[in-house]
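What follows is each chain in one-letter form.
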Amino acid sequence: MMKGSHQQRPLLNPSPRTPGKEELPYTPVNASIDASIPVSSKLYSQSQIEMSVDFVRSPSSSSYSIKEVSFREGNDVIVNPVIRYDSSGSNPVRHGSRGASSGGFGSSYKEIKDDDARLVYVNDPLRTNEKRFRFAGNSIRTSKYSFLTFLPRNLFEQFHRIAYIYFLVIAILNQLPQLAVFGRGASILPLALVLFVTAVKDAYEDFRRHRSDRIENNRVASVLVNGEFGDKKWKDICVGEVVKISGNQTLPCDMVLLSTSDATGVSYVQTTNLDGESNLKTRYAKQETQAKASLWGEIGGMLIKCEKPNRNIYGFQANMEIDGKSISLGPSNIILRGCELKNTDWVIGVVVYAGKETKAMLNNAGAPSKRSRLEKHMNKEIIILSLFLVALCTVVSISHGVWLRQHRKELYLMQFYRKYDYSEPEVEKYEYYGWGMEIFFVFLMSVIVFQVMIPISLYISVELVRIGQAYFMIRDDRMFDKSTNSRFQCRALNINEDLGQIKYVFSDKTGTLTENKMEFQCASIGGVDYDNGKAIDTETGYSAQVDGMVLRPKMMVKIDQDLLHLSKMKHTDEGKHLCDFLVALAACNTIVPLTVETSDPAVKLIEYQGESPDEQALVYAAASYGFMLVERSSGHIVIDIQGERQRFNVLGLHEFDSDRKRMSVIIGCPDQTVKVFVKGADTTMFQVIDKSLNLNMVKATESHLHAYSSKGLRTLVIGMREMSTSEFEQWQSSYDSASTALMGRANLLRKVASNVENNLRLLGASGIEDKLQQGVPEAIESLRTAGIKVWVLTGDKQETAISIGYSSKLLTSQMTQIVINNKSDSCRKSLDDALQLYKKLSDVSNSNDSGNGAGTNQLALIIDGTSLVYILETELEEKLFELSSKCTAVLCCRVAPLQKAGIVALIKNRTDDMTLAIGDGANDVSMIQKADVGIGISGQEGRQAVMASDFSMGQFRFLVPLLLIHGHWNYQRISYMILYNFYRNVVLVFVLFWYALFTGFTLTTAITDWSSVLYTVIYTSLPTIVVGVLDKDLGRSTLLKYPQLYGAGQRGESYNGNLFWFTILDTLWQSIAVFFIPLIAYWDSTVGISALGDLWILAVVILVNVHLAMDVIRWYTITHIAVWGSILATFICVMVIDALPFLPGYWAFFMIAKTKLFWVCLLGIVVSGLVPRFVVKVFVQHFKPDDIQIARVAEKFGYLQGDAETEMNPIFDLPQRTATT
């Protein structure tokens, strides 16, 4: 089967004919067989998903390995090594990258034991919920806080940030009289403001959750009470109660179906709210409970033994005891909370899981939290600044101690340091605590004064900038998918800047690179290749007459005229063979046909709903050749065969599983025969084909399959055989025994399926095209030009994967291909040979091109899942990493979901390069969550990948604008913003430090308390936020035209240790200019210290804002307002503060601002402070420009031609650059 059907869900119930319906004319199956199918026969489809356990002895030790089965269809399945047990039976130990799984299997994959079972007494909630077995109620709560817990819990969560604890300690120290430097209120205000803003945001979000919970819990459902159905709030529903759901209503809890409005027990549900899939799913009530539909008032005595609550929404295992016998229940018999009932009048079920124990609520967890790389680096710099702060405080405190020693004889009468107070008759010690304590107090006071060294506002500013960046990413029309009417979604705001540093992209193929819209292209039937079809429209395509209505398939496919002609020659052997092939396409599936109205009331379209796009394509293909599936019930299907409606009894169905890699259906045909039709991957189908029947046909089909795969088509092999009466009876007995087994049920059912799927007659094979999405080749080429290595991880065959690799430009003719598809020790040899080949190619390239052979020795590694099974389990991981890191492209085929995560971990755990994973299905979730950045494609496979991702979008090609444009901008902006925040705060700290050196190290401050507080809140905060959201170092067209520019982020050119230390040196010089120019100018004057403080704070604000203005590249109106408005706001605030008589420094600003010297000092500070930076900046841009500066100048003057491109770094250069002008 195909991608999208990884959910193993049995969809049918065996039954004879549909009661109460007029029978179609057909010859029934022979009496002996018909008699062997009781009305109450057991569920024949595989009723659960179970992990296949296969012990394999390791070649290098006495240990055994367990293989774990993944969920993927048809060609997409491979086993995955997860856990190794030693022979002594010790606990499992994880090895290497295999620990990358996103979680273990739920209990649905295990067998039910009596101790682990949940007992549910139908329509007896009191007995079900007796004291020792009390289950969760149906009330749900998604909110985090209550009225009483909000304040303590929210504060607890906020103080997980170490910086907040630091500022809290500072604020507490400032409350002590001996350490009071600022006003007590002013010292608390910055932290209180940050905590308050965050708390308000959290409170609003939680209020919305409370409101949603209240609406959900107060919804009403119909519950059976005292023999009658009555309304009951959802929150009051209990496990064991019987609930009735009407059409288009939402399920309030997880229920086992007991009865439906359809006499055969079939119902349809839509699981969009649960897994995002919009296709209808079929669910069934057991015939034993369906028959009791009219006796609900007297119902009793039924007991359900089911597994305990778990997260697996695709698995369910239970048994029901009814009328003294036990029947099995599986995933097709349960409907889950959040599903919506469709195309069914009503269903009745018994609650087995409620509230927080429902599968929907157990899965209500977001993606794991991720932190950006810049944030991690920023924390290192904050630690350095903290050490620097300690050093400054140590210098001040030790200097203060020395000063006290030097002036110890003067301390008796010196103001502030008077040892004794002589103002009272009794002399007392005053304001002095001894030499040692004074040094200690000064150290703590220094920490308080210099606290701004750690920028608390940086956290809030970065969050606001990320929100602004997310807004512009979401509103970018270049990432709007018109086909699905969906925009880019930013689900994780804390890693925007990581998009600008990606080195590896790990991509799924089907649905990510391709559209996952399957189209039937060709078929090999009876050893003949039919591959010259032409598309037809609905006017000329096949149609059927039903009750005066014309039915046509909604989608048409290419028609081969020879094949169409042959399909009408049923009297010939070739015609009969083709008829069996087309019947297999129409019958061997779980497709549900639905009618769609058209503008012509006499014409209706048949739409085939199914979980697999591959199955839909095959059924549409059969319909186009006149084999139209028009009806499906729990026990039969109706196929219109070229105008003649024929009914086929569906006697049994074995769903696809990842061990067998095939599915089969047992059909009672109109010609009194019973046939088993099987389809699946060629790797397993040819194992069960009887090649002795027609060896030439088998060889021809294999040749055609290879040709189809080479074209990039997805292939399936179809076979069949007739079953005798005895064979069918034996199968029926075996199936009944297996389906009711309490232990090992899944393995037993798998064995029953394998026994019937043998000695098949080969019918043929199909080729289905999954077209590439628009712009995929161009996108991959752009990403590779940007220095990003693209890996494609798929479950397809090697030939199919290679073909898609060429068509998507992942592989090129210039690449040297290394193919590894071996097992065991041969993998070691293959890896060694490949490494030797790389060395030889490198030597040849270096000798021929003097080392400038970036593109002449490109390697492409192609490796299959079987090889990865062995490699990821052994020490060969290191060799695989060494080889893959040297390859331009890597293509992994036949890989399982957990192997995808293991491959990501292979790179992530061994290198500092940033990784990005992109996929569209549930099988990509582990890979998406393992990578540094995870992107979900909102495509044909539901929203599991989207819900687990950090970002989501509609098309793979959107990666180009996302990474090359927004990723580049985000990284450049956030990098500059962090360095700028460090700079502006350290400048002020140095000014305060210089002042302390000239005031006896007493730590009195010339700058007012309120100005110190407002410095990071009002004076300098807004400009950096505006620039962080809006500034652009390069335009869109330039970034797209020259993807090499993306390498600046990969090399960390905007944020690194060198830039940090250069910034610190720059702040040192600027602080000297700020402090000493006014000090020298006013040395002999009588200007008060408050006036100088106003001059210093104004000088710092003007300096840092002009510094920012020098670095702004794109000016907007709001940028001007923010930068120059902040300077104006600072003047206004200083004037207001000095105009208040109850604050220190009353009228100081107005006195000093009247003099020319004040304005001359401001001008001199700005000029002298920024001249060195300006000179260095000009020197670097003219004599040692980087790629960004070259492109910016070229863009500015409009001559961005090929000459500029030669200045860019070669694509595969090492991070060190050697560009020259």
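Residues numbered from 1 in each chain as written. Predicted model: local features only at pLDDT ≥ 70, side-chain atom pairs only at ≥ 80, totals over all residues. Heavy atoms only, no water.

Within an unreviewed UniProt entry, the label attached to the chain reads Phospholipid-transporting ATPase, and the organism entered is Salvia splendens. Under the heading Catalytic activity (unreviewed entry), UniProt records this for the chain: "ATP + H2O + phospholipidSide 1 = ADP + phosphate + phospholipidSide 2." Its UniProt record, at the heading Sequence similarities (unreviewed entry), says of the chain: "Belongs to the cation transport ATPase (P-type) (TC 3.A.3) family. Type IV subfamily." (UniProt positions renumbered as here; feature names shortened; annotations may be inferred.)

### Here's the deal with the overall build of the chain
Counting its secondary structure elements, the chain contains 38 helices and 42 strands. The buried share among the 1221 residues of the chain stands at 58%. Taking contacts inside the chain between residues at least 6 apart in sequence as the whole, the part at least 24 apart equals 74%. (Helix = DSSP H or I, 4+ residues; strand = E, 2+ residues; numbered from the N terminus. Buried < 20%, exposed > 50% of the residue type's maximum accessible area, 1.4 Å probe, protein only. Contact = heavy atoms within 4.5 Å.)

### Brief notes about the packing of aromatic side chains
Taken as a whole and assessed by the stated rule, the structure comprises 34 aromatic pairs. Aromatic side chains Phe1131 and Phe1149 sit 6.2 Å apart centroid to centroid with 70° between the ring planes, which places their arrangement in the edge-to-face category. Placement of the pair is Phe1131 in helix α34 (residues 1117-1138) and Phe1149 in helix α35 (residues 1148-1152), with a sequence separation of 18 residues. On the basis of relative accessibility, which here comes to 14%, the residue Phe1131 falls in the buried class. Taken together, the ring pairs in this structure connect Phe388, Phe450, Phe990, Phe993, Trp994, Tyr995, Phe998, Phe1075, Phe1076 and Trp1096 into an aromatic cluster. Against the face of Phe135 rests Arg118, its NZ or CZ located 3.8 Å from the ring centre. (Phe/Tyr/Trp six-rings, centres within 6.5 Å; stacked < 30°, edge-to-face > 60°. Lys NZ or Arg CZ within 6 Å of the ring centre and 35° of its normal.)

### Here's the deal with the UniProt feature "active site" (unreviewed entry) in the chain
Per the UniProt record, the feature "active site" (unreviewed entry) sits at Asp508. Within the structure, the side chain of Asp508 is placed 3.5 Å from the side chain of Thr512, a separation counted as a polar contact. (Polar contact = N/O pair within 3.5 Å; in protein donor to acceptor, adjacent residues only side chain to side chain.)

### Examining the nonpolar core
Phe450, Phe982, Tyr1019 and Phe1158 are the most contacted members of the largest nonpolar core, which has 107 residues in total. Residues in contact with Phe450, not counting those within four places in the same chain, are Leu389, Leu392, Cys393, Val396, Val989, Leu992, Phe993 and Leu1003. Grouped together as the second largest cluster of nonpolar side chains are 56 residues, Phe520, Leu566, Ala623 and Val630 included. (Core = buried A, V, L, I, M, F, W, Y, C linked by side-chain atoms within 4.5 Å.)

### Notes on the UniProt feature "binding site: Mg(2+)" (unreviewed entry) in the chain
Feature annotation in UniProt assigns "binding site: Mg(2+)" (unreviewed entry) to the following positions: Asp508, Thr510, Asp920 and Asp924. Spanning 417 residues, the named residues form one tight spatial group whose C-alpha atoms are at most 10.8 Å apart. Within the element layout of this structure, Asp920 appears in the loop between β40 (914-919) and α25 (925-930). With respect to the element layout, Asp924 can be found in the loop between β40 and α25. By relative accessible area, which is 0% here, Asp924 ends up buried. A distance of 3.0 Å separates the side chain of Asp924 from the backbone nitrogen of Asp920, its partner in a polar contact.

### Quick word on the pattern of salt bridges
In the structure shown here, the tally under the stated rule is 42 salt bridges. Ionic pairing is found between Arg209 and Asp206, a salt bridge with its closest N-O pair at 3.2 Å. Linking Arg209 with Asp206, this pair stays in helix α5 (residues 184-217), spanning 3 residues, or about one helical turn. On the basis of relative accessible area, Asp206 is assigned to the buried category, the value being 4%. Between Glu875 and Arg828 there is a salt bridge, and its shortest N-O distance comes to 2.8 Å. Taken together, the positions of Glu875 in the loop between α22 (865-871) and α23 (876-884) and Arg828 in helix α21 (residues 825-849) put the pair 47 residues apart, joining distant regions of the chain. In this structure, a network of salt bridges that share partners links the residues Glu375, Glu463, Arg466 and Glu497. (Salt bridge = Lys/Arg side-chain N within 4 Å of Asp/Glu carboxyl O.)

### Examining the sheet that holds strand β16 (residues 346-353)
If you trace the 6 strands from one edge of the open sheet to the other, you get β6-β5-β7-β16-β8-β14, paired in antiparallel fashion. The open sheet is flanked by β6 (228-233) and β14 (334-335), the only strands paired with a single partner. As judged from the 6 bridges shared by strand β5 (residues 220-225) and β6, these two strands associate in the antiparallel manner. The residue bridging Val225 from the neighbouring strand is Glu228, located in β6. (Pairing = 2+ DSSP bridges.)

### Digging into the pairing of strand β9 (residues 266-270)
The element β9 is largely enclosed, with a buried count of 4 among its 5 residues. Pairing geometry for β9 and strand β10 (residues 280-284), over 5 bridges, is antiparallel. Within the sheet, the bridge partner assigned to Val266 lies in β10 and is Tyr284. One ladder, built from 3 bridges, connects β9 with strand β15 (residues 340-342); its direction is antiparallel. Bridge pairing in β15 links Val269 to Leu341.

### Topic: helix α13 (residues 573-587)
For α13, which comprises 15 residues, the first-to-last C-alpha distance of 21 Å matches the rise-based estimate of 21 Å (1.5 Å per residue) to within 8%. Counting buried residues along α13, 12 of its 15 residues qualify, which places the element largely inside the surrounding structure. (Expected span 1.5 Å × (residues − 1).)

### Focus on the sheet that holds β9
Pairing in this open sheet of 3 strands is antiparallel, and the strands run β10-β9-β15 from one edge to the other. Unpaired on one side and paired on the other, β10 and β15 mark the two borders of the sheet. Neighbour to neighbour, the strand axes of the sheet diverge by 45° on average, direction disregarded. (Axes fitted to C-alpha atoms, helices over the stretch in contact; angles between N-to-C directions.)

### A closer look at the side chain of Glu241
Tracing the backbone through its elements, the reader meets Glu241 in the loop between β6 and β7 (242-246). One polar contact links the side chain of Glu241 to the main-chain amide nitrogen of Cys238, over a distance of 2.9 Å. If near-sequence neighbours (up to four positions away) are discounted, Glu241 is found in contact with Pro125, Val223, Lys232, Asp236, Gly349, Val350 and Val351.

### Some remarks on helix α18 (residues 745-756)
Quick reminder: α-helices carry 3.6 residues per turn. Residues three or four places apart thus point the same way. For α18, which comprises 12 residues, the first-to-last C-alpha distance of 17 Å matches the rise-based estimate of 16 Å (1.5 Å per residue) to within 8%. Within the span of α18, buried status applies to Arg745, Ala746, Leu749, Arg750, Val752, Ala753 and Val756. One side of α18 holds all its buried residues, which, seen down the axis, span an arc of 160°. (Arc of directions from axis to C-beta.)

### Some details on unusual backbone geometry
Most of the time, phi is negative for any residue but glycine, and the peptide bond is trans. Even without a glycine there, the phi angle at Asp323 is positive, about 55°. As for its position among the elements, Asp323 is in the loop between β12 (318-322) and β13 (325-329). Given the relative accessible area of 63%, Asp323 is considered exposed. Non-glycine residue Lys661 carries a positive phi angle of around 60°.

### A short note on the packing of α13 against helix α14 (residues 613-624)
When two helices pack together, their arrangement is captured by the angle between the axes and the distance separating the axes. In the contact formed by α13 and α14, the axes pass within 8 Å of each other and the chain directions differ by 135°. Overall, the two elements α13 and α14 adopt an arrangement that is oblique. The hand of the α13/α14 crossing is left-handed. Between α13, through Leu582, Leu585 and Ala586, and α14, the contact on the second element is made entirely by Leu618, Val619 and Ala622. The class makeup of the residues in the contact of α13 with α14 is 6 nonpolar, no polar and no charged. (Parallel < 35°, antiparallel > 145°, perpendicular 65-115°, else oblique. Left-handed = near helix turned anticlockwise from the far one by under 90°. Nonpolar A, V, L, I, M, F, W, Y, C, P; charged D, E, K, R; others polar.)

### Things to note about the pairing of β40
Regular strands show a simple pattern: their side chains alternate between the two faces of the sheet. In terms of residue burial, β40 counts as a mostly covered element, since 6 of its 6 residues are buried. Direction of pairing for strand β20 (residues 502-508) relative to β40: parallel, over a ladder of 5 bridges. Within β40, the position partnered with Phe506 by the bridge is Ala917. Bridge count between β40 and strand β41 (residues 933-937): 4 bridges; the pairing is parallel. Bridging from a neighbouring strand, Gly919 pairs with Gly936 of β41. Read from β40 through α25 to β41, the crossover connection turns out right-handed. (Right-handed = clockwise from strand over helix to strand, strands pointing away.)

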